[in-house]
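For reference, the chains in residue letters:
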Amino acid sequence: MAERRGPLQAQDKLAFLLSLVPFLMDHERIGVGEVAAHFSVPEEEVRDAVRLIAVSGVPGETGQYQHGDLFDLAWDDFEDNDQIVLTHMVAIDDSPRFSGREAAALIAGLQYLSALPEHADRAAIASLMAKLSRGASAPPSQVAVEDSETDATLAIIRESVAAGVQLEFDYLDSRGEHELRRVDPLRIESLDADWYLRAWCHLREAVRTFRLDRISNPQTTSEPISYHADEVKLSEKLFEGSADDRMVTIDVAPAALPLLADYIPEEASSAERDGRLRTTIRVSHYHGLKRLVAGLPGLVTVVEPSEARRMVADWAAAGAARYDA
Amino acid sequence: MAQSSSPRVPVEERLFSLVLALLATETGLSKNEILSTVQGYRQRYSASGDNANLERQFERDKDDIRELGVPLETLDAPGQAGNNQNLRYRIPRGAYELPSDISFSAEETALLGLAAMVWREGSLSAESRRAIVKLRSLGGGTGEPVLGYVPSLRVRDAAFEPARSALEKHQIVRFSYLKPGEADARVRTVAPLALVQHQGRWHLHALEPDTGVTKTFLLRRIVSQVTTTGKTFVPDETDQTSAALAELEQVWNSHTAEVEVTPDSDAASRLRKRRGTRTTASGTLLLHYSDANIVADELTGYGPEVLVLSPPELRLAVSARLRLVAEEHATPTEGDDHG
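Residues numbered from 1 in each chain as written. Chains lettered and ligands numbered in written order. Predicted model: local features only at pLDDT ≥ 70, side-chain atom pairs only at ≥ 80, totals over all residues.

### Considerations on the overall build of chain B
(1) Moving on: Helix and strand counts for chain B stand at 12 helices and 13 strands.
(2) Moving on: Based on the C-alpha atoms only, the size of chain B along its principal axes is roughly 85 × 55 × 50 Å.
(3) Moving on: Counting across all 339 residues of chain B, residues that qualify as buried make up 38%. (Helix = DSSP H or I, 4+ residues; strand = E, 2+ residues; numbered from the N terminus. Buried ≥ 20, exposed ≤ 12 C-beta atoms within 10 Å, placed from the backbone.)

Rendered as structure tokens:
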């Protein structure tokens, strides 16, 4: 097991070294801090890499790594001023190609994002994908995500952010209640097929998360926003637990467990009985729960509390009754 | 034991030195030349003794380097084709370097940064992270996006990683597949051609070598581990994903359900926004779907907000599911406890 961890880290470091050399060649003199910011790595990682590059090279004709066969660095500038000046280069001239898998990961990522207004120019995206394929050392692996149409709601949200004005829309929450919301959009997030808007809600006077497919009639207003994305700290987690959340005990078929992962609190325990796992999920209210459980028929059963159990039963029975008529 | 006294060279230094040495050579280096001269190997090389460990190390290093997209090639020594000991290794510059006419604008770099972020959890995260490092190698700043995005795509199917690895290595695999409507899973042996996501679900497009027929498997229905058979196949280099997606799209288009939704309900709002949904003159919705069992589960979640009008088998499937959920949640009655 420990074996596997080693090469993985070393591979990442190698990719960094092979990428850093051509970057440094293009910058006669550059500060460690600037390089670290550009590659989003800690400064010490840059210093380690530069130290390694400076003593590396090719065996050369003698097979002895003679002076001219090695990279060289203006050491004083580096040690005293944190500046990188490569004074001698060997072997590497240009940036490395992408691997077939790397190109495929980016192409599939672009495909997944095709609903974004930034992707409206399909010809530009297609040429970007073609460049990735051409810039790979092997054909991109055969992994793809279906394209989607540009999302009209996303386009309007983007407009309101660009103009710095509040956004207004009709929102249907999972309790089934409609409300006119006015918000300052902060960020768009997605989890698989579901897209969300995180925004400062002027009605609730707090940050709220809205499902895009529950938003109707979005419109930009002429009212300037009160909160800019930079001023509001958003938590990393899309769904934050709240003190009002309810804990529900369920029995779940092991195969369906990954589908509920977002609802299972970290501290939840689970025990197996009769091929089912008994565990706990956290929900903000039972209206959401009844939809969730009914959407996994035969795979999930609510054990308690009995009120939650009854709400699921009533929901499903009311649905079934429509077919008796 | 002599090896332990020599200074330890970090793995990345050995790999970096190997890439540099193989990039610098036109004619290639023999394995012996590599092991005896390249930094990280030479310290452990024995001129007289057995270098079997070191040779195995070199084999693993070659794999690790190739995995990064470095095109390490082997050449037969002139006049000695087939002699394994005399193979020569090199990295041809043209195949290694990003073509000089490829550059990315600030907007493109920003989009690619988002595309990489999509995979930040789990599958393909290492690949997308490394792709971004290589992209930054080109310099080029990223334009600040107008609107902040945090996209993420998670693959929840256990079959994805082994299927992807087999796809990569052109290995024939075996797994048990449970077809809806069948009581027992059946073992399938297939050559993986493509992995595609359609309507939020991952599918394996594969060729059955026994029949020569290509089939598409929903990963969610693979009920066993995906195991390799030890056999490989010669892949077709053409794009398989478009064909796989087109086939899934055609299946999706060919199935239409008509449903009645309660006005202003969650079902009305969300189903209307589902791709391809049409509203009829009478206000009912026409929905496309790929798989009756999956859409039946989805529609069951809407409870009384949805009434399936057609097709009859979907109507039956949804009503049966609703009854099942209602029965499973019928509160344990006093009857149960008190006889």
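### Some thoughts on the packing of helix α9 (residues 306-321) of chain A against helix α11 (residues 312-328) of chain B
(1) Moving on: The geometry of α9(A) relative to α11(B) is characterised by a closest axis approach of 8 Å and an angle of 150° between their N-to-C directions. When the interaxial angle is binned, α9(A) and α11(B) end up roughly antiparallel. Handedness of the crossing formed by α9(A) with α11(B): left-handed. Of the residues in α11(B), those touching α9(A) at V312(A), A313(A), A316(A), A317(A), G319(A) and A320(A) are S319(B), L322(B), R323(B), V325(B) and A326(B).
(2) Moving on: A per-class count over the contact of α9(A) with α11(B) returns eight nonpolar, two polar and one charged. (Axes fitted to C-alpha atoms, helices over the stretch in contact; angles between N-to-C directions. Parallel < 35°, antiparallel > 145°, perpendicular 65-115°, else oblique. Left-handed = near helix turned anticlockwise from the far one by under 90°. Contact = placed C-beta atoms within 7 Å. Nonpolar A, V, L, I, M, F, W, Y, C, P; charged D, E, K, R; others polar.)

### Section: helix α7 (residues 152-163) of chain A
All names here are of chain A.
(1) Moving on: The end-to-end C-alpha distance of α7 is 17 Å, a good match for the 16 Å that 12 residues give at a rise of 1.5 Å each.
(2) Moving on: Of the residues making up α7, those classed as buried are T153, L154, I157, R158, S160 and V161. Looking down the long axis of α7, one finds its buried residues gathered within 160° of arc, a one-sided arrangement. Across α7 from its buried face, at more than 90 degrees, point the exposed residues A152 and A162.
(3) Moving on: Among the structural elements, β6 (165-172), β7 (178-191), β8 (194-201) and β10 (215-224) are those in contact with the buried residues of α7.
(4) Moving on: Count one or two residues on from α7 and you reach G164, which has phi positive near 70°. (Expected span 1.5 Å × (residues − 1). Arc of directions from axis to C-beta.)

### Remarks on α11(B)
(1) Moving on: Look at α11(B): 24 Å from first C-alpha to last across 17 residues, which is about the 24 Å you get at 1.5 Å a residue.
(2) Moving on: Burial in α11(B) covers these residues: L314(B), A317(B), V318(B), S319(B), R321(B), L322(B), V325(B) and A326(B).
(3) Moving on: Tucked into the core, α11(B) has its buried residues touching α8 (286-294) and α9 of chain A together with β10 (256-261), α10 (292-300) and β13 (306-310) of chain B.

### Let's talk about the environment of R122(A)
(1) Moving on: Counting through the fold element by element, R122(A) comes out in helix α6 (residues 122-134).
(2) Moving on: On the basis of neighbour count, R122(A) is assigned to the exposed category, with 11 C-beta atoms found within 10 Å.

### Concerning unusual backbone geometry
(1) Moving on: A cis amide bond links E304(A) to the next residue, P305(A), at an omega of 5°.
(2) Moving on: Its place among the elements puts P305(A) in the loop between β14 (300-304) and α9.
(3) Moving on: The step from S310(B) to P311(B) runs through a cis peptide bond, and the omega angle for that step is -5°.
(4) Moving on: Looking at where P311(B) falls in the secondary structure, it is placed in the loop between β13 and α11.
(5) Moving on: The phi torsion at D82(A) lies on the positive side, around 60°, for a residue other than glycine.

### Quick notes on the interface of chain B and chain A
(1) Moving on: Taken together, the 96 residues of chain B in the interface contact 102 residues of chain A.
(2) Moving on: Looking at which element gives the most residues to the side of chain B that touches chain A, the answer is helix α1 (residues 11-24) of chain B, with 11 residues.
(3) Moving on: Class assignment of the residues belonging to the side of chain B that touches chain A gives a composition of 47 nonpolar, 24 polar and 25 charged.
(4) Moving on: Sheet analysis places strand β5 (residues 143-145) of chain A next to strand β6 (residues 186-198) of chain B, joined by three bridges and oriented parallel. (Pairing = 2+ DSSP bridges.)

### Topic: the sheet that holds β10(B)
All names here are of chain B.
(1) Moving on: The four strands lie next to each other as β11-β12-β10-β13, forming an open sheet whose pairing is antiparallel. The open sheet has two edge strands, β11 (278-279) and β13, and neither has a second partner.
(2) Moving on: Of the pairings in the sheet, the one linking β10 to strand β12 (residues 285-288) comprises four bridges and is antiparallel in character. In the sheet register, V259 faces β12, and the bridge partner there is L285.

### Topic: the domain arrangement of chain A
(1) Moving on: When cut into domains, chain A gives domain 1 (2-88), domain 2 (97-150), domain 3 (152-231) and domain 4 (246-321).
(2) Moving on: For domain 1 of chain A versus domain 3 of chain A, the distance between C-alpha centres works out to 45 Å. (Domains from an automatic or database assignment.)

### Here we look at the sheet that holds strand β2 (residues 73-75) of chain B
Residues and elements named next belong to chain B.
(1) Moving on: Taken in spatial order, the three strands of this open sheet run β1-β3-β2, and their pairing is antiparallel. Of all strands in the sheet, those bounded by a partner on one side alone are β1 (29-30) and β2.
(2) Moving on: When β2 meets strand β3 (residues 88-90), the two strands line up antiparallel, connected through three bridges. Of the residues in β3, the one forming a bridge with T74 is Y89.

### Let's talk about the packing of helix α5 (residues 100-112) of chain A against helix α6 (residues 125-137) of chain B
(1) Moving on: Contact geometry of α5(A) with α6(B) gives a least axis separation of 8 Å together with a crossing angle of 95°. Here α5(A) is positioned roughly perpendicular relative to α6(B), judged by the angle of their axes. Of the residues in α6(B), those touching α5(A) at R101(A), E102(A), A105(A), L106(A) and G109(A) are E127(B), S128(B), R130(B) and A131(B).
(2) Moving on: Of the residues contributing to the contact of α5(A) with α6(B), the split by class is three nonpolar, two polar and four charged.

### What to know about the confidence of the model for chain B
All names here are of chain B.
(1) Moving on: Per-residue pLDDT for chain B has a mean of 88; in total, 91% of the residues score no lower than 70.
(2) Moving on: Segment residues 1-5 is flagged for pLDDT under 50; beyond a separation of four residues in sequence, or across chains, it makes one contact in the model.
(3) Moving on: Note that residues 333-339 has pLDDT below 50 and, in this model, one contact with residues that lie over four places away or in other chains.
(4) Moving on: We note a pTM of 0.87 for the whole complex and an ipTM of 0.87 for its interfaces. (pLDDT = per-residue confidence, 0-100.)

### Observations concerning the confidence of the model for chain A
(1) Moving on: For chain A, the average pLDDT comes to 88, and 96% of its residues sit at 70 or higher.
(2) Moving on: Counting contacts from residues 1-6 of chain A, a segment whose pLDDT is below 50, to residues more than four positions away or on other chains yields one contact.

### Things to note about the nonpolar core
Proteins that are soluble and globular tend to have nonpolar side chains buried together.
(1) Moving on: Counting residues in hydrophobic clusters, the biggest one holds 117 residues, and the most contacted among them are L17(A), L106(A), V19(B), L22(B), A115(B), A163(B) and L219(B).
(2) Moving on: Residue contacts for L106(A): discarding those within four places in its chain leaves L132(A), L112(B), A115(B), A116(B), S128(B) and A131(B).
(3) Moving on: Of all hydrophobic cores here, the second largest spans 41 residues; its members include V259(B), L285(B), A296(B) and Y302(B). (Core = buried A, V, L, I, M, F, W, Y, C linked by C-beta atoms within 7 Å.)

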